[in-house]
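Survey of secondary and tertiary structure
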Amino acid sequence: HSEVDFIMGLVIKYLREEYEFCVKNNVRVRHTGDITGVPEDVAAEIRSVCEKTRDFTGMQVILALNYGGRDEIVRAVRRLVQEAQRAQTAAAVTEDAIRARLDNPDIPDPDLIIRTAGELRTSNFLLWEAAYSELYFSPVYWPDFSERDLQAALDDYARRERRFGKA
């Protein structure tokens, strides 16, 4: 428990310390995940920073906290069903309907996902959004992942032919 408390404290510290950077650089902070499972003080800080930066139009930073791809899909389907129940209609379960109820439906699906540390799996990350993403696996651990490593990933990506599920 103390490890989780420490990490949650770091989240609050980071959000507070980086807020001025976000303001100065027009960076929008967003969240993905189930915020109801986050300690209330952390959830309040996340909501506050997301609200204060919601109209910023520069880069977007998405904080994935208490996030799992399967959980995101389940929550999206629940939203769809609940909306249909409130409207007293049948839920039209389509790809577009589910997509519209994901945590950040306005964010384009990633073109490239880089997985570090030699792990050869997606680990429940952006399962819906990653359907046609290109994957790049690096043996380098995240803290040591350099600009050169990023360039290698981008060069590899540039050589690929994107087919989006077509043969």
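Structure's up top.
Before going into details, it helps to say that this report is about the structure given with it. (Residues numbered from 1 in each chain as written. Predicted model: local features only at pLDDT ≥ 70, side-chain atom pairs only at ≥ 80, totals over all residues. Heavy atoms only, no water.)

Concerning the pairing of strand E2 (residues 60-64)
Inspection of the sheet shows strand E1 (residues 28-32) paired to E2 by five bridges, in the parallel sense. Bridged to Val 29 within E2 is Val 61. (Pairing = 2+ DSSP bridges. Helix = DSSP H or I, 4+ residues; strand = E, 2+ residues; numbered from the N terminus.)

Focus on helix H3 (residues 69-87)
The first and last C-alpha atoms of H3 sit 27 Å apart over 19 residues, in line with the 27 Å expected at 1.5 Å per residue. Positive phi shows up at Gln 88, right after H3, with a value of about 55 degrees. (Expected span 1.5 Å × (residues − 1).)

Thoughts on the side chain of Arg 99
As for its position among the elements, Arg 99 is in helix H4 (residues 95-99). The class for Arg 99 is buried, based on a relative accessible area of 18%. Side-chain polar atoms of Arg 99 contact the side chain of Asp 109, separated by 3.2 Å. The residues touching Arg 99, leaving out its near neighbours within four places in the chain, are Pro 105, Ile 107, Pro 108, Asp 109, Trp 128 and Glu 129. (Buried < 20%, exposed > 50% of the residue type's maximum accessible area, 1.4 Å probe, protein only. Polar contact = N/O pair within 3.5 Å; in protein donor to acceptor, adjacent residues only side chain to side chain. Contact = heavy atoms within 4.5 Å.)

Regarding helix H1 (residues 2-25)
Counted at 1.5 Å a residue, the expected span for H1 with its 24 residues is 34 Å, and the 34 Å between its end C-alpha atoms agrees. By the largest-angle criterion, Glu 18 marks the main kink of H1, which is about 40 degrees. Tucked into the core, H1 has its buried residues touching E1, helix H2 (40-52) and E2. Following H1 by one or two positions, Asn 26 has its phi on the positive side, about 60 degrees. (Bend = angle between axes of the 7 residues up to and from the residue.)

Remarks on the environment of Glu 18
Counting through the fold element by element, Glu 18 comes out in helix H1. On the basis of relative accessibility, which here comes to 27%, the residue Glu 18 falls in the partly exposed class. Put simply, Glu 18 and Val 49 are 31 residues apart on the chain and 9.9 Å apart in space, counted from C-alpha to C-alpha.

Some thoughts on the environment of Ala 92
By the element assignment, Ala 92 lies in the loop between H3 and H4. Counting along the chain gives eleven residues from Ala 92 to Val 81, while the straight-line C-alpha distance between them is 8.7 Å. Apart from the residues lying within four places of it in its own chain, the contact partners of Ala 92 are Leu 80 and Ala 97.

Some words on the side chain of Thr 53
When you line up the elements, Thr 53 lands in the loop between H2 and E2. Using a relative accessible area of 0% as the deciding quantity, one classes Thr 53 as buried. Those residues within four positions of Thr 53 in sequence are excluded, and the remaining contacts are Tyr 19, Cys 22, Val 27, Arg 28 and Val 29.

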